[in-house]
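# Tertiary structure, described
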Amino acid sequence: MNNLPAPFAPLVAGGDGLDRYPGEPLALAARMGEIYGVPADHVLPVRGLTHGLELVFRLAARDGQAVEAPDAEPCRTLAALYAAPAADAPVAAVIVRAPGSAEAVSEMAEIVAPTLLIVDEGLAEFVTNSSAATVVGRHANLIVLRSLSLAYGLAGARVGAALAQPETLARLAAVLEPWALPEISVRLALQALDPSRMMESAERLAAVRRERERLVKALGREMAVEPGFGPVIMARPSDPDGVMTALARFGVAAERAGERVRLPVSATAVINDRLLAALGLGSAAGSPHRTGQAVRDTKETRIVCAVDLDAADPVSIATGVGFFDHMLEQVAAHGGFSLRLACEGDLHTDPHHTIEDSAIALGQALKQALGERRGIARYGFVLPMDEARASVSIDLSGRPYPVFEGTFSTPFIGDYRTDLTAHVFRSLAEAMGAAIHVSVTGVDDHHKTEAVYKAFGRALRQAIRIDGDAVPSTKGVL
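Sequence order sets the numbering: in each chain, residues are counted from 1 along the sequence as written. Selection of residues for local features in this predicted model requires a pLDDT of at least 70, selection of side-chain atom pairs for listing and counting requires 80 or more, and totals for whole chains, interfaces and linings are taken over all residues. To obtain the side-chain values, all non-hydrogen atoms of the structure were included, while hydrogens and water were left out.

## Focus: the overall build of the protein
Labels follow the DSSP assignment, with helices taken as runs of H or I lasting at least four residues and strands as runs of E lasting at least two, numbered in each case from the N terminus. Along its length, the protein carries 13 helices and 20 strands. Summarising its shape, the C-alpha atoms of the protein cover approximately 85 × 55 × 45 Å along the three principal directions. Any residue under 20% of the maximum accessible area for its type is buried, any over 50% is exposed, and the rest in between are partly exposed; the area is computed with a 1.4 Å probe on protein chains only. The buried share of the protein, reckoned over its 478 residues, is 48%. Surface accessibility in these figures is a Shrake-Rupley result with a 1.4 Å probe; residues are shielded only by whichever protein chains are displayed. As displayed, the protein has an accessible area near 22300 Å², and 53% of this comes from carbon and sulfur atoms. Between the averaged position of the 45 positive side-chain charges in the protein and that of its 57 negative side-chain charges there is a distance of 6 Å. Counting rule applied: Lys, Arg positive; Asp, Glu negative; His and chain ends not counted. Lys charges are placed at NZ, Arg charges at CZ, Asp charges at CG and Glu charges at CD.

And the structure:
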């Protein structure tokens, strides 16, 4: 087998190291173990849940044994791909969709032992009950399959995991092809599972659960809806063809499955409102919320920031710099918008990179949320705080121009460097595309700093307010 590297690096961005064949995904196995609550040696990374199922079919076919599996894709495809065993062939494995609680899985594993019990938990993140992964240590015949496809938005990267005791995973690994998991998929998975992403991932999953409950209730008044979970609802309308036509007219993707229709559940309410409007179960969705997201990865920081200018919550900040978290919370509270920001930064050296890059990410998310800036008030605050007084003028013009007038005599407030305050607003101005003029006076540096952030939030609240439907510029564009 040729293990030699390619003669040159690929001509693609971020392609460093891709000229070599992938090694063992040990870092990914370790991180998945942390996420799923099992030791790293209980994790075999695979190319999505389907690949995990295929390894089971390969193992059975190699030994001339059978697999008991639900009559559904992808099991039908895999059963057809691998030669059918003899009618009296012993059963190597039983595949089931997540049957409920972890204890139910444990009981089932005992019943079928020593036959392998394969539990499909590809949608486990969308439910709140305990995972079968918590009982893999009890049963040598239990394999739990997990997937990053839907829960982490990585359907195209094809990454998942088989969770089992090491001896059981060794049986699967024996039929695993060389270099089974591409290096680029491993990198994307590690980014998606980075601690800085977990807060936003949890909020997305919670949003899908809330929206699914809302859709099931609305749809259930007009048609049969099958029990289930995850970002898909199986409905049985009286006229499946008519439903598919109506959904297509509203631009809603759906799939026909016999007399049933697979309906998608989005984490975004306005998209789900479009689905209900298509079926005559609600009015057409109004103006969508102005949302923005920024993902920033450098050698110094890993950041996810999400804003919703038309919602007041949730607000959740975690940068590792307590006072800065408090300041960003003030911006969101006084700005009247939802802000979620998580940062894993090199705080062991200095808070500089964490504070600077978080400001850049926030500015980028705000810029995306503002879009064409149509209908915004555009301008906007003087705010006193005890003896301190902060003035913030803002122009969401699309043209960055920072001005900061004020000094601080105290070098640190907690772990927050006061000299970085001016830097924060310069980064925000540049990333947002805004003129931000700040002036602050006073005696107490804590009061002065907090007054600046609060005043900025108030100025932003005025500027992002919808005040019509025109672009607020004689040029017609910002």
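Here the narrative resumes.
## Examining the packing of helix H11 (residues 352-370) against helix H12 (residues 421-432)
Any two packed helices are characterised by the angle at which their axes cross and by the distance between the axes. Closest axis-to-axis distance for the H11/H12 pair is 7 Å, and the angle between their directions is 30 degrees. As far as their axial angle goes, H12 and H11 are roughly parallel. Like other packed secondary-structure pairs, H11 and H12 cross with a definite hand, here right-handed. The residues of H12 that touch H11, namely those facing His352, Ile355, Glu356, Ala359, Ile360, Leu362, Gly363, Gln364, Leu366 and Lys367, are His423, Val424, Ser427, Leu428, Ala431 and Met432. Amino acids are sorted into nonpolar (Ala, Val, Leu, Ile, Met, Phe, Trp, Tyr, Cys and Pro), charged (Asp, Glu, Lys and Arg) and polar (every other residue, Gly among them). The residue makeup of the contact of H11 with H12, split by class, is 9 nonpolar, 5 polar and 2 charged. Simply put, an axis is a line fit to the C-alpha atoms, just over the touching stretch for a helix, and the angle between two N-to-C directions goes from 0 to 180 degrees. For classification purposes, an angle smaller than 35 degrees is called roughly parallel, one larger than 145 roughly antiparallel, one from 65 to 115 roughly perpendicular, and anything else oblique. The handedness criterion is simple: a crossing whose near helix is rotated anticlockwise from the far helix by less than a right angle is left-handed, and one whose near helix is rotated clockwise is right-handed. Note on contacts: a residue pair qualifies if any of its non-hydrogen atoms lie within 4.5 Å across the two residues.

## Observations concerning the pairing of strand S8 (residues 232-236)
Strands are labelled as partners when DSSP assigns at least two bridges between them. Alignment of strand S7 (residues 224-225) against S8, held across 2 bridges, turns out to be antiparallel. Looking across to S8, one finds that Val225 is bridged to Ala235. Counted between consecutive antiparallel strands, the loop separating S7 from S8 contains 6 residues, among which Gly230 sits at a positive phi close to 95 degrees. In terms of strand pairing, S8 meets strand S10 (residues 260-264) through 4 bridges, oriented antiparallel. Paired with Ala235 across the bridge in S10 is Val261.

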